[in-house]
Every structure is written in C-alpha cells, then in structure tokens.
Amino acid sequence: MKKLGKDIDVVCVFYHGKVPEPRKFKIKYKNGTVKTVDVDIIRRSEILKPNNLTNLDKVLYVCQSEIEEILIQYELMYYVKDMRWKLYSVI
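Procedures and definitions
Residues numbered from 1 in each chain as written. Predicted model: local features only at pLDDT ≥ 70, side-chain atom pairs only at ≥ 80, totals over all residues. Heavy atoms only, no water. Pairing = 2+ DSSP bridges. Helix = DSSP H or I, 4+ residues; strand = E, 2+ residues; numbered from the N terminus. Buried < 20%, exposed > 50% of the residue type's maximum accessible area, 1.4 Å probe, protein only. Polar contact = N/O pair within 3.5 Å; in protein donor to acceptor, adjacent residues only side chain to side chain. Contact = heavy atoms within 4.5 Å. Salt bridge = Lys/Arg side-chain N within 4 Å of Asp/Glu carboxyl O.

Colleague: Is there a simple way to think about the pairing of strand β2 (residues 21–28) in this case?
Modeller: Successive residues of a regular strand alternate their side chains across the two faces of the sheet. The sheet contact formed by β2 and strand β3 (residues 34–38) spans five bridges and is antiparallel. Within the sheet, the bridge partner assigned to I27 lies in β3 and is K35. Turn length for the β2-β3 hairpin, with the two strands adjacent in sequence and antiparallel, is five residues, and the turn residue G32 shows positive phi of about 95°.

So, in structure tokens, the structure goes:
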C-alpha cells in the first residue's frame, strides 16, 4: 500500500441524513499536471468517530476506478469539520 495523503478537490452528492457520495476528484501531480478521476465504485464507506462519541468526525471510502484501462483501488477520507477531502492511499 502506498500512502499519499494528498489534498484533493472532490465533486460529491449530499443526500439528507446520509454521508456524502464522492463522484469524481482532481489530483495535481508534482510536475503540475492535473487529472480528473471518476469514482466508478464505492466498495464501502465507514464513519470514523473520535473516541466513540456521537459526533461525526471522518468518513473513509474505499473506492475503485478505471484509469487508463487499469483498475485502481484507493481510499478517500472526508474530514467533516474541515469540509475537506484527502486521497489517503492507493491499494
């Protein structure tokens, strides 16, 4: 597993009473190129709560996308309080 921990811009859908669903994201590489990736499948999502409190802190998504004819699995993390997304790791 390769850890990236990269901040990304995400297009997501919010449904009342549910966690947001990521649909696509942009990633910027060190050489300056920007790539838009469609989130093809959300394999699972997991709500992570600090110290088992009722507050929603983070949501972890295990996703899969086809990128240049290769299936890639990765994790996205949504930080609720900061309203930001990270590409956490590529599996």
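Colleague: I keep staring at the pairing of strand β7 (residues 84–90) and nothing clicks. Help me out?
Modeller: Bridging between strand β6 (residues 70–79) and β7 involves six bridges; their strand directions are antiparallel. Note that in β7 the partner of Y79 across the bridge is R84.

Colleague: How do you make sense of the side chain of S65 when you look at a structure like this?
Modeller: In this fold, S65 is placed in strand β5 (residues 58–67). Look at S65 and you get buried, because its relative accessible area is 0%. Reaching out from S65, the side chain makes a polar contact with the side chain of Y74 at a distance of 2.6 Å. Aside from chain neighbours lying at most four places away, what touches S65 is V37, D38, V39, D40, I70, L71, I72 and Y74.

Colleague: Sorry, what's going on with the pattern of salt bridges here?
Modeller: Pairing is possible between side chains of opposite charge, provided their charged atoms come close. All told, the structure shown has six salt bridges when counted by the stated rule. In this structure, the salt-bridge partner of E21 is R23, at a minimum N-O distance of 3.3 Å. Here D82 ties to R84 by a salt bridge, and the two come within 3.3 Å at their closest N and O atoms. Counted as one network, the salt bridges with shared partners bring together D7, D82 and R84.

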